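Close look at the chain arrangement
Here is how the chains run, residue by residue.
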Amino acid sequence: MEYEVLCDDQGGGTSVPFLRRYSTEDGATVVTDTALDGTTAYTPTGTVVRCDAQQSPAANPQIDSTAQRQAGAGAVTIAAGARSVTFMVFAGAPTVSIGGGAAVVFPAGAAATWSVDRGGEAGESLQDEFIFTGVVGSDFAVLSTREV
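Residues numbered from 1 in each chain as written. Predicted model: local features only at pLDDT ≥ 70, side-chain atom pairs only at ≥ 80, totals over all residues. Heavy atoms only, no water.

**A few points about the pattern of salt bridges**
Scanning all chains against the criterion turns up 3 salt bridges. Between Arg69 and Asp139 there is a salt bridge; the shortest N-O distance is 2.8 Å. Highlighted residues: Arg69 in strand 5 (residues 63-71) and Asp139 in strand 12 (residues 139-147), separated in sequence by 70 residues. Put simply, Glu147 and Arg83 hold a salt bridge, and the shortest N to O gap is 3.4 Å. (Salt bridge = Lys/Arg side-chain N within 4 Å of Asp/Glu carboxyl O. Helix = DSSP H or I, 4+ residues; strand = E, 2+ residues; numbered from the N terminus.)

The structure is reproduced here in structure tokens:
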């Protein structure tokens, strides 16, 4: 299943966000629209557009990329303001703490990505710091991008 937040452009500056879910049944793609709660049925009445379609495109920002691997005990910290963070666990059970929250264990084979869509003048970034912590036997990689 894939989800996308779209907007129902009803004209006159009115744009209503909603969820569109794509799934496959018997080899055919099925589209289901719901309110943002994910359960209430929604029927667009205007033109369906990407919610950021009214914003001018962002300039081509320069992106700094990092790849860090941690084997054994130690930590990798990604400061707030990243555009994307990807975490891949090869062995052990390292943890991730986001924005000072409680640490969550990720088992071997797990992967997760946090990211934003737009950069430049209308830019978005991840507001939280990420701390990935390994113990003896841990092996993981953290990839990140940041606008410079």
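**Notes on the nonpolar core**
Judged by nonpolar contacts, the single largest core of 16 residues is most densely connected at Ile78, Val85, Phe87, Phe106, Phe130, Phe132 and Val142. Among the secondary structure elements, those contributing two or more residues to this core are strand 6 (74-78), strand 7 (84-91), strand 11 (130-134) and strand 12. Here this core gets 3 residues from one element, more than from any other, and that element is strand 7. Once residues within four sequence positions are removed from consideration, Phe130 is found in contact with Val76, Thr77, Ile78, Val85, Val96, Ser97, Ile98 and Trp114. (Core = buried A, V, L, I, M, F, W, Y, C linked by side-chain atoms within 4.5 Å. Buried < 20%, exposed > 50% of the residue type's maximum accessible area, 1.4 Å probe, protein only. Contact = heavy atoms within 4.5 Å.)

**Observations concerning the environment of Val31**
Summarising the element assignment, Val31 is placed in strand 3 (residues 28-34). When the C-alpha atoms of Val31 and Arg21 are compared, they prove to be 5.7 Å apart, with 10 residues separating the residues in sequence. Sequence-distant contacts of Val31, defined by excluding residues within four places in its chain, comprise Arg20, Arg21 and Tyr22.

**Description of the sheet that holds strand 10 (residues 111-115)**
Taken in spatial order, the 4 strands line up as 5-12-7-10 in an open sheet, and their pairing is antiparallel. Only two strands of the sheet have a single neighbouring strand rather than two, namely strand 5 and strand 10. When strand polarity is set aside, the average angle formed by the axes of neighbouring strands in this sheet is 10°. Pairing analysis gives 7 bridges linking strand 7 to strand 12, with the strands arranged antiparallel. Paired with Phe87 across the bridge in strand 12 is Val142. (Pairing = 2+ DSSP bridges. Axes fitted to C-alpha atoms, helices over the stretch in contact; angles between N-to-C directions.)

**Brief notes about the packing of aromatic side chains**
Following the criterion strictly, the structure yields 7 aromatic pairs and no others. Aromatic pair Phe87 and Phe132: ring centres 4.6 Å apart, planes at 40°, arrangement tilted. Note that Phe87 is positioned in strand 7 and Phe132 in strand 11, a separation of 45 residues in sequence. Considered together, Phe87 and Phe132 belong to a single accessibility category, that of buried residues. Ring geometry for Phe87 versus Phe140: centroids 5.4 Å apart, planes at 75°, classification edge-to-face. Taken together, the residues Phe87 in strand 7 and Phe140 in strand 12 connect sequence positions 53 residues apart. Three or more aromatic residues joined by ring pairs form one cluster here, namely Phe87, Phe106, Trp114, Phe130, Phe132 and Phe140. (Phe/Tyr/Trp six-rings, centres within 6.5 Å; stacked < 30°, edge-to-face > 60°.)

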